[in-house]
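Each chain is listed here by its residues.
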Amino acid sequence: MNRREFWLPRPLFSLFLALLWLLMVNSFSVAHTLLGLALGMFIPFITRAFWPEQAKVHYLLPLLKYFMVLMVDIVLSNLVVAKRILFYPNQLTPSFFTYPLELDDDFAITILASTISLTPGTVTAHYDTEARTLLIHSLHVTDEEALIRQIKDRYERPLQEIFR
Amino acid sequence: MNSPDIPLVLELIITFFLVAGAIVALIGSIGLARLKDVYMRLHGPTKASTLGVGCILIASLLYFSFLKSGLSVQEALITLFLFVTAPVSAHMMAKAALHRKLPCSPRTRQGPPDQ
Amino acid sequence: MIETVIPFVIGIFCIAILLNLYRLAIGPDIVDRILALDTLMINSIALIVLADIQMSLGILFEAALLIALMGFVGTVAMTKYLLRGDVIE
Amino acid sequence: MDIGLLVFLPVLGAIASLLSRQKRPGPDHVSTHALVALIAPAICLLLLLSYLPRIQSGEALVYSLNWVPEIGLGLAFRLDGLSWLFATLITGIGCLIILYARYYFAGKDTAGRFFILIQLFMTAMLGIVLSENLLFMLVFWELTSLVSFLLIGFTWSSRDARRGARMSLVITGGGGLALLGGILLLGQIVGSYQISDVLAATDTIVSDDRYPLTLSLILLGAFTKSAQAPFHLWLPHAMAAPTPVSAYLHSATMVKAGLFLMARLHPAMGDTELWFSLITITGMVTLMVGAFVAMFMHDIKGLLAYSTISHLGLITLLIGMGSEMAMAAALFHLTTHALFKAPLFMMAGIVDQATGSRDMRNINGLWKAMPALMLITAIPAAAMAGLPLMSGYLSKKMLFSESLLVTAPHWANTLIPAWVTIAGLFSVAYSVRIFHNVFFNGQPVDLPHWPPRKKPAGMLIPLFILAFASLLVGLAPQATYDGLIHLAVMATSMTHLPLYDFSALADAQVPAMMSMIAMVGGIVFYLARGPLFAIHRQLPEVDAKNIFEQIMQQSIRFAQSLVYRLENGSLQRYLAFILVAAIAPALWMLSGYSGWQGPSELTEVNPMVAFGALILCLSALGVALFHHQRLPALLLLSVTGLFVTLAFAQFSAPDLALTQLSVEVMAVVIMMLALSFLPQTSPRESGFGRIFRDLSLAGLAGIGVALFAYAVLTRPAETISGYFLANSVPGGGGTNVVNVILVDFRGFDTLGEITVLGIAAVAVFAFTRDLHLKERVASAGSAKGFAEPHPVILQMVSRMALPIALLVSAYIFLRGHNMPGGGFIAGLVTAVALTLQYMAGGLVWAQERMLTHFRPLIGAGLLIATITGLGSWFVGYPFLTSAFSHMDWPLIGEFELATALLFDLGVYTTVVGATLLILANLGKLMTVAGPGQEVG
Amino acid sequence: MELLVAITLGVLTSTGVYLMLRARTFSVVLGLTLLSHGVNLFLFSMGRLTTASPAVIGLVEKYTDPLPQALVLTAIVISFSMTAFVVVLALKAAVELRSDHVDGEDPNEDRQ
Amino acid sequence: MNHLMIMPIVIPLLTGAFLLVMYRYNIGRQRSLSIGSTLLLVVLAVWAVLQAGVTDYTLYYLGNWQPPFGIVLVLDRLSAIMLLLTALLSLFCVLYASRGSDREGSHFHALLQFQLMGINGAFLTGDLFNLFVFFEVLLIASYALLLHGGGRARSRAGLHYVIINLAGSALFLLALGILYGLAGTLNMADLAHSIANAPETDLPLLKAASLLLMVVFGIKAALLPLLFWLPRAYSAASAPVAALFAIMTKVGFYAMVRVFLMVFGLDEGAPANDTVLAWLWPTALITLALGGIGVLGAASLRTLTAYMVIVSVGILLATLSRNDEQLLAASLFYLLHSTCMTAVFFLLADLIGRYRDDGYDRFSVISPLSHRWVLGSVFLIASVSIASLPPFSGFVSKAWILQASSRLPDYLWLWAAILISGLLIIAALSRAGSGWFWRPEEHSTARTRAIEKTQQLDHARMATVCVMIAISFALALFAQPVMDYLDAATKLIYQPSGYVDTVLGDYVSQGEEVTE
Ligand code: NA
Ligand code: NA
């Protein structure tokens with residue numbers, strides 16, 4: 001571990017924290033910028049033991065794009081779910097299914113699992129670390145394979161891009 | 001309540017977010033109340049309520065940004081936080097339900113692997 | 001317009017909370033109750049934000065933030081308890 | 001001062017004895033010990049004799065020194081005729097007893113102890129008779145009870161000794177307490193405890209309302225000490241003491257203390273109907289009971305003990321009569337009794353040691369083996385019987401003649417003379433018996449030692465001296481009386497009476513007749529003792545010691561059952577008591593109160609508030625309803641907590657909302673942790689009655705709180721809060737007034753509050769350290785195997801949440817002074833974030849990653865806060881004075897530095913440390929690390 | 001509104017007291033928590049209840065009484081400390097006495 | 001402003017906190033720190049007594065805020081004497097505990113220091129809410145100390161003690177709420193001022209609040225029917241802790257004096273809170289009676305001592321309720337005596353238990369006892385003192401109480417209760433003593449001699465007990481100066497206007513304008 005890694009274990013994250021600070025205090029003065037940067041450096045430093053892995057995010061733009069897609073999906077999926085809950089609650093055919101993972105980074109998998117839970121009628125119920133599968137419950141399934149494919153294309157692939 | 005001179009467009013947008021948020025959240029709670037099994041009930045709140053409250057927060061963001069004449073993005077922080085934590089909560093609850101071997105509704109096509 | 005809408009919005013959230021409370025009361029399983037509580041927490045965030053707007057104060061943000069944080073931690077604690085019979089091990 | 005010396009010399013003697021005992025332990029040095037013990041009493045005696053001329057001139061020597069003037073307690077001594085007589089008896093007989101004990105205790109280990117105690121006892125007795133201050137006298141009075149307790153229990157291996165000692169202590173000690181009451185009342189009436197003052201205040205005393213009570217209490221003290229019926233029971237059982245003790249305490253000295261007191265106070269309190277009837281009747285009863293029982297005793301010491309009781313009753317009776325002549329007779333008899341009873345006891349001791357028995361049915365015909373003893377004993381025995389020429393004859397005759405003079409209440413007219421004659425008859429009978437039965441009456445039966453062991457001749461010396469003195473008194477009564485007793489009698493009466501004329505007594509016909517009847521009757525009675533004993537044996541045997549023990553045992557059992565019934569270990573009941581205590585008095589007081597509705601107008605109901613109130617009520621009722629299902633109840637409780645938070649938020653208390661929320665979550669997590677070791681349901685075990693009771697209490701409590709709330713809410717507020725609002729910014733440097741109050745105006749409260757939190761955490765650490773939960777862990781472990789301990793997804797999110805939460809807590813911390821927030825909430829946020837790490841990664845995982853232990857964190861937090869407070873000293877201000885300044889740095893802009901922030905940092909640190917310490921130690925109970933392992 | 005608040009406080013107190021009188025430590029802890037909610041709200045309301053007027057200087061025109069808030073805050077923290085303590089103690093007692101009855105033993109009959 | 005005044009609170013706090021920071025300190029260092037701190041407290045308390053003797057009221061404005069807005073500490077003779085008593089008692093407890101009982105659990109010394117902080121704070125504060133805070137400090141520390149050493153009995157007693165006191169705290173807050181809601185202040189002096197000027201309709205509510213406070217303080221002081229937690233708690237606690245607890249009931253008494261006599265005593269027409277005192281009088285007498293009965297029925301010396309604590313509480317509260325200046329002075333003298341002597345008995349019970357073969361202090365069990373001569377003598381002397389027999393302080397104090405009360409109506413009840421309970425104590429102690437020390441058949445066994453050889457008499461523990469008894473004797477010997485001091489102390493209590501004027505300064509004279 002070199003000196004930079006010791007004192008500044010996560011530069012990107014530090015910047016993120018500084019930004020967060022400015023958002024939180026709702027003031028973009030010099031003082032707060034300096035304070036935010038200081039905190040951004042200090043907090044990762046004292047919490048580095050909890051987060052020993054090195055940073056893996058190499059591509060910021062795809063990540064942002066991913067989040068935009070997710071936002072839209074969340075809104076849309078909510079409409080779908082709302083319709084189902086309100087109008088055909090008794091015609092739903094829920095189902096469990098296993099989703100085979102291609103990702104191998106836990107952090108990325110976490111993002112994928114969260115994404116699945118946030119979008120159309122699906123909840124990640126279990127992450128099997130050995131079989132490398134996710135157990136997913138879906139509110140209304142007609143075609144399992146299509147759903148798996150959709151998740152794979154829309155979320156897992158981009159994530160693979162981001163966390164290479 | 002002292003916001004007489006708020007521009008109409010902004011007021012409309014805020015009102016929209018307020019109403020939309022309320023409706024979405026209500027639907028989430030209706031789902032919680034009406035759906036048949038615990039796994040299905042998980043879906044309503046974790047998504048709908050999060051989104052619904054997210055809308056309210058955006059409305060608040062807009063409102064206070066205007067009121068304090070400056071961008072007030074704190075609410076965005078809460079929204080972000082909710083979107084990060086809600087799936088984890090849902091995940092944990094689903095795990096708990098599976099662990100307790102809670103029954104699925106009879107309409108379930110395929111139950112969990114070991115049930 | 002906002003003034004007129006807000007009481008309705010609040011009313012809707014109150015109904016939502018009552019629904020949550022209903023689920024919390026009837027269960028049937030403890031997971032349902034936890035879920036209901038989690039939802040109730042989230043809905044109350046909206047309630048607090050709405051109150052803030054209604055009063056034009058802008059100082060209840062931290063409270064909303066904390067509910068989000070604490071609600072999450074509470075839910076995790078309870079589910080962990082169900083999963084393992086203990087919370088910290 | 002030298003009067004005081006008289007009292008304290010024996011203490012010095014006791015110390016000398018203690019030293020000599022330690023220097024030469026063991027049974028071989030009894031004579032040395034005795035010699036040492038003799039010094040102080042002998043000096044006392046000589047001193048007393050040296051005072052005689054001054055006493056005879058009618059002087060009362062008074063010496064006093066203030067001790068506690070506030071309560072009138074002074075170190076005051078008085079030597080007049082009465083105290084001189086008593087003091088001389090005490091020291092004189094004391095010397096002889098020591099002499100006797102030198103032989104009695106020969107070859108015994110316990111001699112040293114006896115000599116110490118007997119001198120202490122002498123001090124106590126001298127103190128009683130020489131005190132000028134009544135309160136001061138009481139000091140010695142209680143000391144006699146105490147030392148006699150030790151002396152009666154001297155041979156503690158004997159159960160009888162222990163019981164006898166306890167009994168005497170309880171009875172005489174109780175009497176002492178009554179006496180304390182009486183003397184205090186007397187002091188209140190007179191305004192002083194000095195005997196001189198008391199004696200000068202007769203009219204005030206007798207005419208006071210409190211006189212009857214005062215007299216009764218004082219007499220209670222006197223009667224118990226002097227073994228008057230029915231308090232006489234302790235005295236026979238005090239015979240378990242070694243014989244020198246009995247001879248000294250229970251014949252010559254201690255039992256006379258009560259008589260002394262009555263005589264002493266007679267001029268001040270006597271001469272009333274009440275005095276007469278109380279004392280006379282008691283004396284009569286005691287006289288008769290003692291005499292009667294004495295006749296039937298087989299134990300020599302028992303007989304002597306009851307005879308002592310009888311004689312004490314006799315003297316009491318005389319004191320009760322109250323005339324000067326009766327007083328003279330009383331003191332005369334008191335002296336003669338001391339002189340003849342002490343040698344008789346000594347005789348009993350010699351016989352006991354020589355033969356190994358004290359039972360007169362076995363001891364017979366000792367005259368052959370112990371002729372000298374027989375000869376010496378003849379004198380005191382004759383004196384006791386009241387044979388002519390003996391001192392006892394005279395005193396009894398004085399009694400008879402005084403009894404004839406009593407005319408005041410009509411019933412006393414003939415009753416008293418008859419009564420005393422019969423008692424005299426009994427006393428003749430037992431006197432004859434003790435002499436005849438021991439020394440004659442045929443052959444001994446089954447004695448442990450026969451022929452009796454040889455006792456050294458020196459042992460007879462004290463007997464001889466006493467017997468001789470007794471004889472002397474009998475032979476020269478007038479001289480004895482004039483020289484010694486008259487002085488004492490003068491001190492006990494209000495007037496200067498003429499000298500008692502013994503020649504006149506000799507001429508008195510009726511008393512002589514009565515004496516004759518008693519004598520003849522007594523001898524007849526003795527001769528007919530066989531059938532009488534047979535009848536007596538038919539009577540149910542009453543053992544006072546057993547009665548006393550039974551009473552004691554029964555009281556104890558009663559006490560235990562009462563205490564057990566009240567203090568039954570039921571928390572529910574204790575809490576109910578507390579509630580009743582809180583509700584009932586207020587209910588009683590406010591039952592007719594009509595001011596509940598205050599003057600303020602009611603405000604409109606806000607629908608949101610109504611909704612919140614509804615949910616609060618519903619969830620609270622739900623908790624109460626579902627409390628048997630613990631986890632659901634806990635969830636409902638969270639709802640209550642949440643809505644309390646919302647209420648705070650609604651009613652303009654954002655700081656409170658934040659605090660309540662954070663606290664609520666931590667509390668729920670802690671309860672969940674605990675719940676994992678507890679049963680999941682509560683059994684339904686309350687009966688209908690219990691539930692009804694609890695519901696009523698709960699309902700009343702709720703109604704009470706509601707009424708008070710309503711009453712206050714409908715009244716206008718007038719508080720000191722304007723000052724805080726006005727001074728928060730200029731004086732405290734913060735716009736969030738609540739926070740400024742917390743860290744500045746009332747920072748001291750906050751310091752206390754975080755101390756409480758810190759202590760709670762340390763306490764949890766301390767008492768879970770050795771808590772063993774292994775079995776529980778095993779049984780609760782059914783879940784394991786399936787569920788993974790640390791779900792990856794949770795772990796990932798938690799790790800990411802930690803830095804963000806820390807950022808949030810930094811935010812909340814820094815803005816606290818001006819906006820809602822502050823160190824406490826920030827601390828809780830940090831703690832919650834770290835708790836999440838524990839939950840996600842497990843105790844061991846998270847513990848490894850903590851930068852510090854928690855206990856030093858708590859300590860450091862408290863130190864920071866305190867030292868910040870102390871900092872203000874250096875600029876000359878009191879503890880916790882805050883300082884702040886707004887600075888304006890180029891580029892950075894204006895910012896504020898306040899010491900309050902440093903104080904808040906202390907709060908933050910303590911909160912983090914304390915919360916995590918509690919959690920980690922609760923969590924620890926489940927881990928492999930397990931008990932005994934320190935966490936935090 | 002005063003009546004509404006008063007009734008709510010009464011209900012909180014009543015339920016708290018009722019649970020405090022139960023026989024199991026856990027119920028007692030629940031009761032104590034409810035009771036402290038009631039008491040804290042009571043103390044809070046003694047500063048009278050006002051909406052939209054937090055005691056933050058410069059934010060609004062009229063301010064609520066800040067002192068009871070500060071007092072309640074202290075009370076909340078203290079009752080939190082006490083709750084944490086009593087929960088752990090109850091646990092310890094239940095383990096050591098092998099019963100979670102408040103008296104440490106399961107009574108055969110209900111002692112009145 | 002004299003900073004020494006805050007030291008009785010700050011020194012134990014600093015010591016306790018420092019001990020936590022240095023949590024790895026070995027027991028020896030912990031002891032020396034703790035003893036050092038306690039010695040310092042004794043010195044400070046002596047200073048306080050002297051200071052209060054010179055100046056009636058010494059004030060300390062915390063944070064330099066003028067009362068009633070900031071918290072004020074008030075040192076008068078009463079608080080000074082309580083400080084001294086606490087300091088001395090705690091010194092002996094620390095010394096005694098340092099012979100080994102502090103090792104039975106963790107952080108004994110830190111907790112004890114916090115306990116002292118709480119007690120001293122309660123004695124010094126002039127603010128009712130701050131009193132609540134210090135009550136909580138001393139309570140939580142006492143919970144921890146009670147559980148020190150572990151064991152089932154302690155857990156059970158501790159649970160009851162804690163829950164009952166939590167209920168008490170809730171009541172305290174309710175009462176504070178009502179007082180604040182009606183009077184608008186919590187400073188004692190200001191409260192007195194407000195109550196004296198309260199509208200007629202508010203007065204019953206204020207008095208009802210004070211009745212709640214009576215329950216709160218009654219729980220601390222162990223007044224019937226709030227006392228049932230005490231016997232088990234005190235007899236379960238480790239000896240030095242129980243000895244220290246002897247002062248705890250007196251905190252309740254002290255609070256009653258301050259609140260019911262001073263805060264409610266400013267009204268010229270009604271000096272002191274007659275409503276509370278009227279309830280206090282009979283309950284205190286019954287407490288006294290029950291204490292006496294409990295003494296008689298106690299099965300072990302600890303329990304017996306616990307009931308003697310109740311007896312002392314009964315006497316203190318009964319005398320307090322008579323609302324008489326001289327009687328209160330007498331009762332304060334009795335407080336000094338009884339605190340000291342009950343502490344002695346808790347230590348003695350432990351000491352005797354140590355040399356008994358079974359290690360307990362039960363009466364019914366006959367067990368070989370070593371060192372019975374020394375123990376017996378000390379027990380005898382201590383018994384004489386606690387039974388209020390002369391020449392110890394108990395005798396003087398009881399004589400004073402009886403004297404002072406005899407001027408008042410209904411004094412005979414008090415007299416009877418005091419004298420009879422005294423007799424019961426004598427009976428119980430003589431039974432205990434003769435049963436323990438006069439049983440040669442058990443003492444003379446070879447076993448006892450063997451124990452005696454291996455078990456050296458702990459001279460330090462013994463000395464601690466002896467010095468405390470000597471204090472009781474000295475208290476009697478030098479009773480007059482102490483009484484003069486107490487007379488002066490109670491005189492101040494019965495002149496609350498002096499207190500109010502001194503504390504509030506010109507705030508009262510200017511009226512309410514200052515608040516604006
Ligand atoms: Na200040
Ligand atoms: Na505070």
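Values in this document were obtained by computation on a predicted structure and should not be read as measured data. (Residues numbered from 1 in each chain as written. Chains lettered and ligands numbered in written order. Predicted model: local features only at pLDDT ≥ 70, side-chain atom pairs only at ≥ 80, totals over all residues. Heavy atoms only, no water.)

A. Structural view of the overall build of chain B. Across its full length, chain B carries 3 helices and 0 strands. From first element to last, N terminus to C terminus, chain B shows the α and β order α-α-α. The C-alpha radius of gyration computed for chain B amounts to 19 Å, which surpasses the reference 13 Å derived for 115 residues by more than 25%, pointing to a less compact arrangement than a globule. In terms of overall dimensions, chain B has C-alpha extents of about 60 × 25 × 20 Å along its principal axes. Looking at chain B alone, contacts between residues at least 24 apart form 64% of all its contacts between residues at least 6 apart. Surface summary for chain B: the accessible area is close to 4,100 Å², and the carbon and sulfur share equals 67%. (Helix = DSSP H or I, 4+ residues; strand = E, 2+ residues; numbered from the N terminus. Rg over C-alpha atoms; globule rule 2.2 N^0.38 Å. Contact = heavy atoms within 4.5 Å. Areas by Shrake-Rupley, 256 points an atom, 1.4 Å probe, with all protein chains shown as cover.)

B. Molecular detail of the coordination of the sodium ion (ligand 2). Distances from the sodium ion (ligand 2) to its protein donors, D:E753 (OE), D:E753 (OE) and E:T74 (OG1), fall within 2.0 to 3.2 Å. On the criterion of chain membership, the pair formed by D:E753 in helix α32 (residues 747-768) and E:T74 in helix α3 (residues 66-97) is interchain, its members lying in two chains. You can call E:T74 buried: its relative accessible area is 1%. (Donors = N, O, S within 2.8 Å, 3.2 Å for Na, K, Ca; no water. Buried < 20%, exposed > 50% of the residue type's maximum accessible area, 1.4 Å probe, protein only.)

C. A look at the pattern of salt bridges. On inspection of all chains with the given rule, the structure shows 40 salt bridges over all chains. Across the pair B:R100 and C:D29 runs a salt bridge whose closest N-O atoms are separated by 3.0 Å. Placement of B:R100 in the segment after α3 (74-99) and of C:D29 in the loop between α1 (2-26) and α2 (30-55) is noted, with the two residues assigned to different chains. Given a relative accessible area of 13%, C:D29 falls into the buried group. We note a salt bridge from D:R210 to D:D208, for which the minimum N-O separation is 3.2 Å. The class of D:R210 is partly exposed, set by a relative accessible area of 23%. (Salt bridge = Lys/Arg side-chain N within 4 Å of Asp/Glu carboxyl O.)

D. Region of the structure containing α2(C). Residues and elements named next belong to chain C. Taking 1.5 Å per residue, 26 residues should reach 38 Å; α2 reaches 37 Å between its end C-alpha atoms and fits that length. The N-capping residue of α2, defined by a side-chain oxygen 3.0 Å from the backbone nitrogen of V31, is D29. The first or second residue beyond α2 is S56, which carries a positive phi of 50°. (Expected span 1.5 Å × (residues − 1). Polar contact = N/O pair within 3.5 Å; in protein donor to acceptor, adjacent residues only side chain to side chain.)

E. Seen up close, the interface of chain F and chain D. Taken together, the 121 residues of chain F in the interface contact 111 residues of chain D. Here chain F meets chain D over a buried area of about 10,300 Å², counting both sides, of which 76% is carbon and sulfur. On the chain F side of the contact with chain D, F:W65, F:F228 and F:W438 bury the most area, a combined 9% of that side's loss. Here D:R746 and F:D127 are joined by a salt bridge, their closest N and O atoms 2.6 Å apart. Where chain F touches chain D, the interface holds 25 residue pairs in polar contact (both at pLDDT 80 or more). Taken together, the residues of the side of chain F that touches chain D sort by class into 83 nonpolar, 24 polar and 14 charged. (Buried area = accessible area lost by both parts, 1.4 Å probe. Nonpolar A, V, L, I, M, F, W, Y, C, P; charged D, E, K, R; others polar.)

F. Structural context of the nonpolar core. Ranked by internal contacts, the top residues of the largest apolar core, which has 774 residues, are B:L18, D:F748, E:F85 and F:F217. With 23 residues, α3(E) is the single largest residue contributor to this core. Dropping the residues within four chain positions of it, E:F85 is found in contact with D:A760, D:A763, D:V764, D:F767, F:I140, F:Y143, F:A144, F:L147 and F:V162. The next biggest cluster of nonpolar side chains, apart from the first, holds 11 residues, and it includes A:A82, B:I27, B:L35 and B:M40. (Core = buried A, V, L, I, M, F, W, Y, C linked by side-chain atoms within 4.5 Å.)

G. Region of interest: the pairing of strand β2 (residues 73-79) of chain D. Residue and element names in this part refer to chain D. Among the 7 residues that make up β2, 6 are buried, leaving the element largely enclosed by the rest of the structure. Bridge count for strand β1 (residues 61-68) against β2 is 7 bridges, and the pairing is antiparallel. Looking at the pairing, V62 lines up with R78 of β2. Counting the residues that bridge the hairpin from β1 to β2 gives 4 residues, and of these G72 lies at a positive phi of roughly 75°. (Pairing = 2+ DSSP bridges.)

H. Quick look at the coordination of the sodium ion (ligand 1). Note on the sodium ion (ligand 1): its protein donors are D:D744 (OD), D:S882 (N), F:G63 (O) and F:W65 (NE1). The metal-donor distances range over 2.2 to 3.0 Å. Within this pair, whereas D:D744 is found in helix α31 (residues 737-745), its partner D:S882 is found in the loop between α37 (854-871) and β3 (884-889), the two being separated by 138 residues in sequence. In this pair, the class of D:D744 matches that of D:S882, namely buried.

I. How the structure looks around the packing of aromatic side chains. By the definition in use, this model includes 78 aromatic pairs over all chains. Ring centres of D:F332 and D:F502 lie 5.2 Å apart, and the angle between their planes is 50°; on these two criteria the pair is classed as tilted. Taken together, the residues D:F332 in helix α15 (residues 324-355) and D:F502 in helix α21 (residues 502-507) connect sequence positions 170 residues apart. Using a relative accessible area of 0% as the deciding quantity, one classes D:F332 as buried. On the basis of relative accessible area, D:F502 is assigned to the buried category, the value being 6%. For the ring pair D:Y481 and D:F502, a centre distance of 5.9 Å and an interplane angle of 65° mean the geometry is edge-to-face. Residue D:Y481 is found in helix α20 (residues 477-492), and its partner D:F502 is found in helix α21; the two are separated by 21 residues along the sequence. Assessed through its relative accessible area of 0%, D:Y481 is described here as buried. Ring pairing ties together the aromatic residues D:F767, E:F85, F:Y143, F:Y161, F:W229, F:Y234, F:F245 and F:F346, which thus form one cluster. A cation over an aromatic ring shows up here: D:R102 above the ring of D:Y103, its NZ or CZ 4.6 Å from the ring centre. Sitting over the ring of D:Y104, D:K108 keeps its end group 4.8 Å from the ring centre. (Phe/Tyr/Trp six-rings, centres within 6.5 Å; stacked < 30°, edge-to-face > 60°. Lys NZ or Arg CZ within 6 Å of the ring centre and 35° of its normal.)

J. Structural context of the interface of chain D and chain E. Counting residues at the interface gives 114 residues for chain D and 81 residues for chain E. Carbon and sulfur atoms supply 75% of the area that chain D and chain E bury against each other, a total of about 8,700 Å² over both sides. Its largest share of buried area at the contact with chain E, chain D owes to D:F651, D:L713 and D:F767, together 8% of the area lost on that side. Scanning the region where chain D abuts chain E turns up 3 salt bridges. A salt bridge links E:D100 to D:R630; the shortest N-O distance between them is 2.6 Å. On inspection of chain D and its partner chain E, the count reaches 22 residue pairs in polar contact (both at pLDDT 80 or more). The dominant element in the side of chain D that touches chain E, judged by the number of residues it contributes, is helix α29 (residues 688-713) of chain D, at 17 residues. Its residues assigned to classes, the side of chain D that touches chain E shows 72 nonpolar, 27 polar and 15 charged.

K. Molecular detail of the arrangement of the chains. By contact count, the leading pair among the 10 pairs of chains in contact is chains D and F. The least C-alpha distance between chain A and chain E, which are not in contact, is 16 Å. Nothing in chain B touches chain E; the tightest C-alpha to C-alpha distance between them is still 10 Å.

Purely geometric stuff here, so don't read any function into it on its own.
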